[in-house]
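Working through the structure, step by step
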Amino acid sequence: MNLSTSIPAQTLAYAGCFRGKHGTDIGPFQRPASNVSECAQMCHEPGPDDPYFMMLFPDTMLRQQCGCSSLCALRHTGENFDQVADSQCQASTALVNNALMGAADDTYTYYAAYSIRPEYTTCSKAAMVTPLNRTSQILSYAGMVLNSLILCTFIGFVIAHEAGGSKISGISAVLKFVSPFNLQLTLMAVSLIGVFGCLAEQSRTIAGPKSVYLIPAELVFAEVFKVCFLAYGWGRGATVINSVWPNGTKYFTFLVKSASLLIFSPVIPSVIFAESLRPDMEKLIDRDLFKTLVRSLDLASIAAVFSIDLGLLVCFIVYIRTSTRISATDAIAPRFLKICYYGAAANVICIGAFFTYLFRYVVMDGRYHSPVHDYTLDAIIHLIFTAILVVLLGLKLALHSDAENERREKKSVHDRAKLIATGNGHDTLRSHTTRIESKRTLQYCLTSKVQVACILFPLPMAHSWMKRRTSI
């Protein structure tokens, strides 16, 4: 094929004819072009991208268009392309300088693709025909389904075991159902569903007029999760912090309240940034300024959460190290130990999310023009947040299990008292006593540093050893 000599010096080669449905979003660079040379010059204009491919095709009004595609994918959103015979790209369009220009019929648009970088040879056909948004969409829909299952499971558990399963009814049952901790966990799950829904729609419609307001919507959902996470962690860990660092409680309280205000600070700038994406507002609003402001405030908010998490993690570790020693004056507090273990796990995961944020905003920012990379990283970050939610739900279940065990033990003591009062059932009494002692010994084994002794000796011997140990 004879191409114009005005084409830039980079490699330009015909890659094939590809078929897609009407309305395909090729990418951010899409303008009218009358020939291959003009399209190549447009794709080589200075910008954040160094595209692999350019594509020529008619739009719905049969006007000739040129699109530039980054990386190996020929398109950014929607369904996969199909490669078809080259003759399809000249079905209704005359050749220009013997170069195919694409075509259209009642159902499909046919795209004539040309490679404009030598590296295109590393692109597989599968990568070329798969849209860039596929990964972000899969992650987003997976996150929606996963958090929906978590939410339904949690609500069912609360109804069955707390509100509905208890003997209380009416307003008391409702108040128990909507307790602060239950409400925070519910809001965390709902907010994650909202985030993944926004990400799925954004990756499907890539910065179109219908999707600009999804940016502040996604941000609001994400900030609700962060605030609820902080409130839940502070509510569960305040007693531990007060035990480890009594004078630091007031500082933590101030930091949690201040961070909550900082977390919501990017919302208003994000609305203004979304307005700047509208064609009629582009010249009235400094888009780059508000984009930078939103990213800076969002990064500052996650840094604040990271700082508080780091402080909580240190307090949890200190409590674990000091509270696993058994003495006559320092008894085991299994409830607070569980809070520390689960809280430390959640804090570590949150710290991992912080470094993913840094990678998303600092390392990846500006390297690729396509926003689908941002959507993919956002989905990964909020899947990490989903793991945090699972850990906090695990803490909820562990504390509920402890409360149930304590209730059963109290009932057992009550039954034993009745047996003593009646003067009957000495064998049953002895059985009750043995079970309670074994349970306490097992609890001691699991929450202390003497697991080896518990494994090597039978429970009665370990229990006897524990008595001698605690009497020292």
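This text gives an overview of the structure that appears in the document. In this text, all values refer to a predicted model and were calculated from it rather than measured experimentally.

Here the focus is the pattern of salt bridges. Pairing between side chains of opposite charge can happen when their charged atoms approach one another. Inspection of the entire model under this criterion finds five salt bridges. With its nearest N and O atoms 3.5 Å apart, the salt bridge here joins Asp 82 to Arg 19. Taken together, the positions of Asp 82 in strand E5 (residues 82-84) and Arg 19 in strand E1 (residues 13-21) put the pair 63 residues apart, joining distant regions of the chain. Across the pair Asp 298 and Lys 226 runs a salt bridge whose closest N-O atoms are separated by 3.1 Å.

Turning to the state of the cysteines, a few remarks are in order. Counted under the stated rule, the structure contains four disulfides. Two residues, Cys 17 and Cys 89, share a disulfide whose sulfurs are 2.0 Å apart. Residues Cys 17 and Cys 89 are joined through a disulfide that is right-handed, its torsion about the S-S bond being 95 degrees. Of this pair, Cys 17 sits in strand E1 while Cys 89 sits in the loop between E5 and strand E6 (103-104); the two residues are 72 residues apart in sequence, bridging distant segments of the chain. Taking relative accessible area as the criterion, Cys 89 reaches 0% and is therefore assigned buried. Two residues share a disulfide in this structure: Cys 39 and Cys 66, whose sulfurs sit 1.8 Å from each other. Handedness here is read from the sign of the S-S torsion; for Cys 39 and Cys 66, about 70 degrees, the answer is right-handed. Here Cys 39, found in helix H1 (residues 36-43), pairs with Cys 66, found in strand E4 (residues 64-69); they are 27 residues apart in sequence, far enough to count as distant. For Cys 39, a relative accessible area of 0% translates into the label buried.

Going through the model one piece at a time under the given rule, you end up with 16 aromatic pairs. Ring centres of Phe 225 and Phe 229 lie 6.4 Å apart, and the angle between their planes is 5 degrees; this geometry places the pair in the stacked category. Of this pair, Phe 225 and Phe 229 both sit in helix H6 (residues 214-244), four residues apart, roughly one helical turn. You'll find Phe 225 and Phe 229 in the same group, each marked buried.

With that out of the way, let us pick up the packing of H6 against helix H8 (residues 267-276). Packing of H6 against H8 leaves a shortest axis separation of 8 Å and a crossing angle of 165 degrees. By the angle between their directions, the pair H6 and H8 is classed as roughly antiparallel. Remark: the crossing between H6 and H8 carries right-handed chirality. Residues Ile 215, Pro 216, Leu 219 and Val 220 of H6 form the contact with H8, whose participating residues are Val 267, Ser 270, Val 271, Phe 273 and Ala 274.

Every buried residue of H8 is accounted for by Val 267, Pro 269, Ser 270, Phe 273, Ala 274 and Ser 276. Looking straight down H8, one finds that the buried residues subtend no more than 165 degrees of arc, so they occupy a single side.

Within this structure, the stated rule accounts for two cavities of 30 Å³ or more. Space inside the largest cavity adds up to approximately 100 Å³. Along the wall of the largest cavity there are 14 residues; nearest its centre are Gly 233, Phe 316, Gly 343, Asn 347 and Leu 392. At the level of secondary structure, the elements contributing two or more residues to the lining of the largest cavity comprise H6, helix H9 (287-323), helix H10 (334-363) and helix H11 (372-422). Among the elements that take part in the lining of the largest cavity, H6 stands out by supplying five residues, more than any other. For the lining of the largest cavity, the residue count by class is eight nonpolar, four polar and two charged.

The next point concerns the nonpolar core. With 60 residues, the main nonpolar core has Leu 185, Met 188, Phe 229, Phe 385, Leu 389 and Leu 392 as its most contacted residues. Taken together, the elements giving at least two residues each to this core come down to helix H3 (134-163), helix H5 (180-205), H6, helix H7 (249-263), H9, H10 and H11. Setting aside its immediate chain neighbours within four residues, Leu 389 contacts Asn 147, Ile 150, Leu 185, Met 188, Ala 189 and Leu 192. Of all hydrophobic cores here, the second largest spans 22 residues; its members include Val 36, Met 54, Cys 89 and Ala 103.

Judged by how many residues are buried, E4 sits mostly within the fold: six of six residues are covered. Both faces of E4 are covered, namely the face carrying Gln 64, Cys 66 and Cys 68 and the face carrying Gln 65, Gly 67 and Ser 69. Here strand E2 (residues 30-32) pairs with E4 via three bridges, running antiparallel. When the bridges of E4 are listed, Arg 31 appears paired with Cys 66. The pairing of strand E3 (residues 53-58) with E4 spans six bridges and is classified as antiparallel. Residue Met 54 lies in a different strand from E4, and its bridge partner there is Cys 68.

Once that is clear, we can look at the pairing of strand E7 (residues 108-115). Here E7 lies mainly inside the structure; seven of its eight residues are buried. Where E1 lies against E7, eight bridges are found, and the strand directions are antiparallel. Bridged to Gly 20 within E7 is Thr 109. Examined bridge by bridge, E3 and E7 share four bridges and lie antiparallel to one another. By the bridge assignment for E7, Leu 56 is matched with Ala 112. Bridging between E6 and E7 involves two bridges; their strand directions are antiparallel. Counted as the bridge partner of Ala 103 is Tyr 110 from E7. Hairpin connection between E6 and E7: a loop of three residues separates the two successive antiparallel strands.

So, how was this worked out
- Residues numbered from 1 in each chain as written.
- Predicted model: local features only at pLDDT ≥ 70, side-chain atom pairs only at ≥ 80, totals over all residues.
- Heavy atoms only, no water.
- Salt bridge = Lys/Arg side-chain N within 4 Å of Asp/Glu carboxyl O.
- Helix = DSSP H or I, 4+ residues; strand = E, 2+ residues; numbered from the N terminus.
- Disulfide = S-S within 2.5 Å.
- Buried < 20%, exposed > 50% of the residue type's maximum accessible area, 1.4 Å probe, protein only.
- Phe/Tyr/Trp six-rings, centres within 6.5 Å; stacked < 30°, edge-to-face > 60°.
- Axes fitted to C-alpha atoms, helices over the stretch in contact; angles between N-to-C directions.
- Parallel < 35°, antiparallel > 145°, perpendicular 65-115°, else oblique.
- Left-handed = near helix turned anticlockwise from the far one by under 90°.
- Contact = heavy atoms within 4.5 Å.
- Arc of directions from axis to C-beta.
- 1 Å grid on protein atoms, 1.4 Å probe; cavity = no way out; pocket = protein on both sides within 12 Å on 5 of 7 lines; lining within 4 Å.
- Points joined across faces, edges and corners; volume = space filled by probe spheres on them.
- Nonpolar A, V, L, I, M, F, W, Y, C, P; charged D, E, K, R; others polar.
- Core = buried A, V, L, I, M, F, W, Y, C linked by side-chain atoms within 4.5 Å.
- Pairing = 2+ DSSP bridges.

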